[in-house]
Amino acid sequence: MSPQGTPPSGAVPAAGGEAHHKHWWAGQSKWLYLLPAMVILVGVVIYPLIYMLRATLFQWQAGAFGRFLGGKLWAQLLLGEALRIALVNSLILAAGTVVCELLFGLVLALFLNESLGLLRPVLRGALLIPIFIAPVIVGLMWRIIFNPQYGVFAWLIGRRGFSPIAQDNFALYAIILAEVWQWTPFVFVILLAALQSVPIESLEAALVDGASYLMRLRHVILPHILPAIIIALLLRSMESFKIFDTIQVMTHGGPGRATEDMTYLIFRTGIWVSDVSTAATYSWVLVIILTALSSFFLRYAYREKG
Amino acid sequence: VSKKRILGLAVAIVAVVLVAAYLFPVYWLVSMSFRIQKDMFSWPPKLFPTRITFKNYKGLAEGHALLWYLRNSAVIAPLSVAVSMIVGSLAAYGLARFRYPHRIGSRLANWILSLRMLPPVAAVLPVFLIFSALRLVDKFYGVALAYTFFNLPFIIWLLKIYFQDVPEEIEQAALVDGASRLQSFFRITIPLSTPGIATTFILALAASWNEFLMASQLATFNTRTMPVLIASFIWDRNMQWGFATASAVLSAVPMMIIGLFIQRYIVRGLSFGAVK
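Counting from 1, residues in each chain are numbered in the order their sequence is written. To label them, take the chains in the order written and letter them from A, then take the ligands in the order written and number them from 1. Confidence filtering applies because this is a predicted model: local features only for residues at pLDDT of at least 70, side-chain atom pairs given and counted only at 80 or more, and all residues used for totals across whole chains, interfaces and linings. Values shown for side chains rest on all heavy atoms present in the structure; no hydrogens or waters enter the calculation.

Caption draft 1: Representation of the overall build of chain A in the model. Assigned secondary structure in chain A consists of 13 helices and 2 strands. Think of it in three bands: residues with accessible area under 20% of the maximum for their type are buried, residues over 50% are exposed, and the middle band is partly exposed, with areas taken using a 1.4 Å probe on protein chains only. Within chain A, the fraction of its 306 residues that count as buried is 56%. Considering only residue pairs separated by 6 or more positions, chain A has 68% of its internal contacts joining residues 24 or more positions apart. Calculation of accessible area relied on Shrake-Rupley with a 1.4 Å probe; when residues are assessed, cover is drawn exclusively from the protein chains displayed. Carbon and sulfur atoms make up 67% of the accessible area of chain A, which amounts to about 13600 Å² in all. Helical segments are the DSSP runs of H or I of at least four residues, strand segments are the runs of E of at least two, and each set is numbered from the N terminus. Throughout, a contact is declared for two residues whenever any of their heavy atoms are within 4.5 Å.

Caption draft 2: Representation of the packing of aromatic side chains. In this scheme Phe, Tyr and Trp rings, the latter by its six-membered ring, pair at centre separations within 6.5 Å, and the angle between planes marks the pair as stacked below 30 degrees, edge-to-face above 60, and tilted otherwise. The full count for this structure, using the stated rule, is 34 aromatic pairs over all chains. An angle of 50 degrees between the planes, with centres 6.5 Å apart, marks the rings of B:Tyr27 and B:Trp28 as tilted. Three or more aromatic residues joined by ring pairs form one cluster here, namely A:Trp31, A:Tyr33, B:Tyr93, B:Phe98, B:Tyr100, B:Phe163, B:Phe185 and B:Phe186. Both a distance and an angle decide whether a charge sits over a ring: NZ of Lys or CZ of Arg must be within 6 Å of the ring centre and within 35 degrees of the ring normal. Against the face of B:Trp68 rests B:Arg71, its NZ or CZ located 4.9 Å from the ring centre.

Caption draft 3: Layout of the environment of B:Ser80. Residue and element names in this part refer to chain B. Locating Ser80 in the fold gives a position in helix α5 (residues 66–97). For Ser80, a relative accessible area of 1% translates into the label buried. Each residue touching Ser80, except ones within four places of it in the same chain, is listed here: Ala144, Tyr147, Thr148 and Asn151.

Caption draft 4: Inspection of helix α1 (residues 30–57) of chain A at higher detail. Each helix should span, by expectation, one fewer than its residue count multiplied by 1.5 Å. An ideal rise of 1.5 Å per residue puts 40 Å on 28 residues; α1(A) measures up with 38 Å between its terminal C-alpha atoms. Take the seven residues that end at a residue and the seven that start at it, fit an axis to each, and the angle between those axes is the bend at that residue. The sharpest bend along α1(A) reaches about 45 degrees and sits at A:Val42.

Caption draft 5: Main features of the packing of α5(B) against helix α10 (residues 181–192) of chain B. Residue and element names in this part refer to chain B. To get an axis, a line is fitted to the C-alpha atoms, and for a helix only the part in contact is used. The angle between two axes follows their N-to-C directions and goes from 0 to 180 degrees. Packing of α5 against α10 brings their axes to within 12 Å, and their N-to-C directions diverge by 100 degrees. Of the possible angle classes, the one that applies to α5 and α10 is roughly perpendicular. Here Ser89, Leu90, Tyr93 and Arg97 of α5 come into contact with α10, specifically with Arg181, Leu182, Ser184, Phe185 and Thr189. Put simply, Ala, Val, Leu, Ile, Met, Phe, Trp, Tyr, Cys and Pro go in the nonpolar bin, Asp, Glu, Lys and Arg in the charged bin, and everything else, Gly too, in the polar bin. Across the contact of α5 with α10, the residue classes break down as 4 nonpolar, 3 polar and 2 charged. These descriptions rest on fixed angle ranges, namely under 35 degrees for roughly parallel, over 145 for roughly antiparallel, 65 to 115 for roughly perpendicular, and the rest for oblique.

Caption draft 6: Region of interest: the interface of chain B and chain A. Contacts between the two partners involve 110 residues from chain B, matched on the other side by 105 residues from chain A. Throughout, the accessible surface (probe 1.4 Å) given up by two parts as they are put together, summed over both, is called the buried area. Carbon and sulfur atoms supply 79% of the area that chain B and chain A bury against each other, a total of about 9600 Å² over both sides. When residues of chain B are sorted by the area they lose upon contact with chain A, B:Tyr22, B:Trp43 and B:Met117 head the list and together hold 9% of the total. Within this document, salt bridges are pairs made up of a side-chain nitrogen of Lys or Arg and a carboxyl oxygen of Asp or Glu, the two lying within 4 Å of each other. Summed over the shared surface of chain B and chain A, the number is 1 salt bridge. Salt-bridge contacts for B:Arg116 lead to A:Glu239; the nearest nitrogen and oxygen are separated by 2.7 Å.

Caption draft 7: Spotlight on the pairing of strand β1 (residues 58–61) of chain A. Residues and elements named next belong to chain A. Two strands are counted as paired when DSSP detects at least two bridges linking them. Bridging between β1 and strand β2 (residues 64–68) involves 3 bridges; their strand directions are antiparallel. Within β2, the position partnered with Gln61 by the bridge is Ala64. Two successive antiparallel strands, β1 and β2, enclose a turn made up of 2 residues, where Ala62 displays a positive phi of approximately 45 degrees.

Caption draft 8: Main features of a nonpolar patch on the surface. Candidates for patches are residues over 30% relative accessible area with no salt bridge; among them, like charges are joined within 9 Å and nonpolar side chains (Val, Leu, Ile, Met, Phe, Trp, Tyr) within 5 Å. Taken together, the side chains of A:Trp155, A:Leu156, A:Ile157 and B:Trp43 define a hydrophobic patch exposed on the protein surface, amounting to about 410 Å² of accessible area. Mapping B:Trp43 onto the fold places it in the loop between α3 (37–40) and α4 (55–63). Note on B:Trp43: relative accessible area 32%, which makes it partly exposed.

Caption draft 9: Structural detail: the layout of surface pockets. Looking at the largest pocket, its volume works out to about 680 Å³. Every residue lining the largest pocket is counted, 18 residues in all, and those nearest its centre are A:Asn113, A:Glu114, A:Ser115, A:Leu203 and A:Arg216. Among the residues making up the lining of the largest pocket, the classes are represented as 10 nonpolar, 4 polar and 4 charged. Volume-wise, the second largest pocket comes out at about 570 Å³. In terms of lining residues, the second largest pocket is bounded by 20 residues, among which A:Arg143, A:Ile165, A:Met250, B:Asp236 and B:Arg237 are the most central. Residue classes in the lining of the second largest pocket are distributed as 9 nonpolar, 8 polar and 3 charged. Residues are called lining when one of their atoms sits within 4 Å of a cavity or pocket point, these points coming from a 1 Å grid over the protein atoms alone, where a cavity is a set in which a 1.4 Å probe fits but cannot get out and a pocket is an open set with protein on both sides within 12 Å along at least five of seven lines. Grid points are joined across faces, edges and corners, and a volume is the space filled by probe spheres set on the points.

Structure follows, in structure tokens:
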């Protein structure tokens, strides 16, 4: 996964098996490196997921599994309106945030890559700030800005009493804005580093050939920073279906269900309503979707990198 | 030449204004936390407060056990990251360096990446039930263990990228000289990937320090963390502006100080080997 194009670990030359050992366990110590992590992951991820799978098949009530449900809950929930709304919201959130973060991050990086001298590290350092702020705080910030009575946003657009987070058709975009605001700098830092490694010779060669800025961008700059773009894309996509804190702070999934994504739907059914079997089924729908997405995504990402 | 200079100056001014505007929400939050009621709730909004007050911070320290929450955060986040970094770096090294039969290595790496996509909410219910049975709820190590849910996959995946960037030949040389695998890992691979390790560390630390959902369910009383305190001032329809903003500022400051100190490493780490 290195930008130089090192192939995935399967192709790394074997190094674990020193041949001069004569015992059968020679070279098997490589498993010990993975063992502790696997034990923990089984404990905090696999076991809970299996527990949840059981809860989708047996009605969970007051701490115990009861009546066998089979696929009844699945059939009922898969056709339900709540799942459809949450899935659509999740997809809009994921696609919207990742696309905007990459786009704005790239534009910002191209702009700050211009000759700024000593100013550049200062501005870059300042832009790192949002990355370290808790999503809860980011939600709080934007909720204050979007306050209908005293908020800066209402003042800017000159409509006191208007708040996008209270509007069915704007609330989701307000959440996207908060997320994009927080994570665009992350993409920006990755891409700026890549831009600074574009060889000057190839840029100059393109200039001599009379290439316009857009042509240089298309044929020299973008191909060079493609590995960085893919890493940024992977890192951000990994987080894109997990948006919860900003929703909880800004809208509580509302108004109505306008900002209820899969994460929030699981939270609402499982923790507010305490309907564990329903929440478990939604969780598993999400697990299946994310597994499919990530395997598709990884195949594509590796192929791109050759 | 002078035309070029003016252009450069214009770019610089635009860049500064752009970044300042970008960070306006941060200023606004900080500024709110130092305001008296009248300046907070004014129309039109006041860009600068007429008077600066520490009332919100004092109220937090006196009435809301602020230090208690800060301490809990300061125990749980580093504890979880330390465990995840130790366990995760070993796994990442294994995945980066060894060949496993049946492509287990790359399959495992992909699986771990897909785990990172999974939101904690999908596991928080069973984790709570299991932890209740094991008496791990509301314990420092319990919450820290729960945080490995998102820390471990992230750390393994990121460190694997960084370890793969360390040239294999350097390690081979050490192995030929009689060093063991673990020795060459600690003495060669780890020092050579310091920026990557620092980046991974601060990102995982910030994620744990800032985590809200699991904390709200598992850190129920004695171990409540800063994000839980902040959220407790924010309700569905209303909120306590002064306490919410002041606790937010206090929660954000430690991470920013650490981030500032290792900024140089983060920038190098996030270059993923593009800039040496």
